[in-house]
Structure formats: structure tokens, C-alpha cells
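Structural overview
Read off the chains here:
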Amino acid sequence: MPAGAAARLRLRGRGDIPILLVDLATIDGTSFYWANVSGAFPRAADGAQQVYKPWIKSAGPFSQSRDFTTDGGDIVVQNLSGNTIERDVSKALRDHEFEGTLAVLREYDELLGVVEEFHGRLFEQGRDATEASFRMVQIFDANEYEIADVDYQEGCPLRYKSDMCGSVSGLATCPKKVSDCVARNNTERFMGCPNPPPVGVLGVLR
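Here the structure is a predicted model, which is why all the values come from computation and not from measurement. (Residues numbered from 1 in each chain as written. Predicted model: local features only at pLDDT ≥ 70, side-chain atom pairs only at ≥ 80, totals over all residues. Heavy atoms only, no water.)

Where burial is concerned, most of strand 2 (residues 31-35) is hidden: 4 out of the 5 residues are buried. Direction of pairing for strand 1 (residues 19-25) relative to strand 2: antiparallel, over a ladder of 5 bridges. In the strand pairing of strand 2, Leu-24 is matched with Phe-32. (Buried < 20%, exposed > 50% of the residue type's maximum accessible area, 1.4 Å probe, protein only. Helix = DSSP H or I, 4+ residues; strand = E, 2+ residues; numbered from the N terminus. Pairing = 2+ DSSP bridges.)

Encoded structure:
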């Protein structure tokens with residue numbers, strides 16, 4: 001927390017509602033700015049003033065751990081604004097891909113500025129007639145990462161003549177270079193990344 005934050009928070013009355021700001025960047029590059037109150041506040045990206053839509057009903061509680069694996073919380077937004085045919089939130093969810101959206105949740109104080117900040121992605125979206133909900137998980141959550149099936153290397157990682165390799169060559173062994181795949185008429189199964197790529201093999205590597 002910034003200097004003086006603890007004292008400032010202790011002075012808050014029981015009726016005070018912390019200002020919650022959520023900055024979103026969807027997969028297609030569209031930005032959304034949501035808050036639990038109406039007003040213009042500094043954006044997380046560049047600090048420029050931005051009008052935030054007062055759509056947030058609740059956020060959290062957010063759990064935090066040392067290894068990031070359980071960090072996260074729920075965000076609930078209203079689904080009532082708009083016309084009777086189509087609600088604003090429903091339209092946004094229809095027009096844009098929110099699964100995996102980058103999000104920055106901040107608690108903002110008029111005097112102190114940002115008191116607390118949480119970076120993550122949105123998953124597990126749900127929606128009904130009155131509200132929509134998202135699960136926000138830590139941006140460094142290793143459970144959400146996808147890794148390659150094999151290590152990056154110049155040679156082919158497949159076992160020679162295995163089902164994945166698919167070679168039916170009469171040669172007993174394979175040095176697993178791209179030239180060896182060419183000699184065995186099996187270039188479509190080559191999974192290495194030679195550097196630089198041999199002339200004439202670019203099409204195969206794509």
C-alpha cells in the first residue's frame with residue numbers, strides 16, 4: 001500500500017464504499033472500463049482520465065498465495081442497462097470474446113490513488129437476466145498456461161518408426177535431421193526446427 005494508506009482506510013466510515021475499477025482488454029483488442037460507481041478515473045495503462053461504466057456489483061474476496069496457484073476471485077456485473085431487447089453487458093459478451101480477457105482490478109481512493117491492484121485474466125463467464133459473472137485468476141497462474149508437447153530443438157524428437165513418426169523406410173536408424181527425413185520420404189512428420197531452415201523445406205515447416 002502507498003504511504004498513509006492504512007491511516008486513511010482506518011478513517012473511513014462504515015458506510016464508505018471503496019471505489020473498484022476494472023480495466024479490460026479483450027482478445028480482439030477492444031477495451032472496456034467498469035467501476036462500481038459513476039465517474040472518470042485514471043486508466044491503469046497510461047493514467048489518462050477515462051469514464052468508467054458503473055456496472056460492477058461486487059468483486060472478490062480475492063485470495064492470494066505465494067505461488068500464485070490459488071490467486072483469484074469473482075467479479076459480478078449488472079446486466080440491466082440498455083434497452084428491453086438487448087442489455088449492454090449481453091451485447092458486449094455476444095460481440096467480443098471475453099474468455100481469457102486481460103483484466104486489471106484496482107481499489108482506488110480519491111486522495112491516495114490506487115490502494116491495491118490485481119492483474120489477471122477472466123474465465124468461467126456466466127450470465128442470466130440480471131447479471132453476469134467472471135472468475136478472475138492471477139495472470140501468472142501456471143495452471144492456465146499451455147506448453148508445447150515437445151522441447152524446441154533442431155532435430156526431430158519423435159522415436160524413429162513410431163506411430164507418430166510414421167516412417168516405413170527400410171533404413172534401420174535415423175539421425176533425425178531434416179535431410180534424413182527427406183531421404184526417408186517422411187518430411188511431413190518432421191517436428192524439429194532447423195536453424196536456418198534448409199532451402200526448399202520452408203513449406204514443410206509451415
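Take the nonpolar core next. By size, the foremost hydrophobic cluster in this structure holds 20 residues, and its most contacted members are Leu-24, Trp-34, Val-77, Phe-98, Phe-134 and Met-136. Not counting chain neighbours up to four residues away, the residues in contact with Phe-134 comprise Trp-34, Gly-73, Asp-74, Ile-75, Val-77, Leu-93, Phe-98, Leu-122, Phe-123, Glu-124 and Gln-125. Within the second largest apolar cluster, 8 residues are counted, among which are Cys-156, Leu-158, Tyr-160 and Cys-181. (Core = buried A, V, L, I, M, F, W, Y, C linked by side-chain atoms within 4.5 Å. Contact = heavy atoms within 4.5 Å.)

Here we come to unusual backbone geometry. The backbone of Glu-124 sits at a positive phi, close to 50°, despite the residue not being glycine. Position of Glu-124 relative to the elements: it lies in strand 8 (residues 113-127). Under the relative-accessibility criterion, Glu-124 is labelled exposed at 59%.

Turning our attention to the side chain of Ser-167. Position of Ser-167 among the secondary structure elements: in the loop between strand 9 (131-138) and helix 3 (178-183). Residue Ser-167 is classed as buried on the basis of its relative accessible area of 9%. There is a polar contact of 3.3 Å between the side chain of Ser-167 and the backbone nitrogen of Ser-169. When near neighbours in sequence (up to four residues on either side) are disregarded, Ser-167 contacts Tyr-160, Lys-161, Arg-184 and Asn-186. (Polar contact = N/O pair within 3.5 Å; in protein donor to acceptor, adjacent residues only side chain to side chain.)

A word on the packing of aromatic side chains. For the coordinates displayed, the defined rule picks out 10 aromatic pairs. When the ring of Trp-34 is compared with that of Phe-98, the centres are 6.1 Å apart and the planes differ by 15°; the resulting orientation is stacked. Of this pair, Trp-34 sits in strand 2 while Phe-98 sits in the loop between helix 2 (88-95) and strand 7 (102-109), and the two are 64 residues apart along the sequence. Residue class for Phe-98 comes out buried when judged on its relative accessible area of 1%. Taken together, Phe-32, Trp-34, Trp-55, Phe-98 and Phe-134 form an aromatic cluster joined through their ring pairs. (Phe/Tyr/Trp six-rings, centres within 6.5 Å; stacked < 30°, edge-to-face > 60°.)

The next thing to look at is the confidence of the model for the protein chain. Detailed conclusions should not be drawn from predicted coordinates in areas where pLDDT is low. The predicted model of the protein chain averages 79 in pLDDT, with 78% of residues at 70 or higher. Between the elements of the protein chain, mean pLDDT differs from a low of 44, seen in helix 4 (residues 202-205), to a high of 94, seen in strand 4 (residues 49-52). Per-residue pLDDT stays below 50 along residues 201-206; that stretch engages in 7 contacts with residues further than four places along the chain or on separate chains. (pLDDT = per-residue confidence, 0-100.)

Reading across the sheet, the 7 strands line up as 2-1-7-8-9-6-5 and stay open at both edges, with antiparallel pairing between neighbours. Looking at the sheet topology across the chains shown, the edges are occupied by strand 2 and strand 5 (56-59). Taken pair by pair, the neighbouring strands of this sheet meet at an average axis angle of 30°, ignoring direction. Where strand 6 (residues 72-78) lies against strand 9, 7 bridges are found, and the strand directions are antiparallel. (Axes fitted to C-alpha atoms, helices over the stretch in contact; angles between N-to-C directions.)

On to helix 2. Within helix 2, burial applies to Val-89, Ser-90, Ala-92 and Leu-93. Along the long axis of helix 2, the arc covered by the buried residues comes to 160°, so they all point the same way. Where the residues of helix 2 are buried, they touch strand 2, strand 6, strand 8 and strand 9. (Arc of directions from axis to C-beta.)

Its place among the elements puts Asp-23 in strand 1. A relative accessible area of 8% places Asp-23 in the buried class. Separated by 2.9 Å, the side chains of Asp-23 and Tyr-52 make a polar contact. Of note is the side chain of Asp-23, whose polar atom sits 3.3 Å from the side chain of Arg-106. Setting aside chain neighbours within four positions, we find Asp-23 in contact with Phe-32, Tyr-33, Arg-43, Ala-44, Tyr-52, Leu-102, Ala-103, Val-104 and Arg-106.

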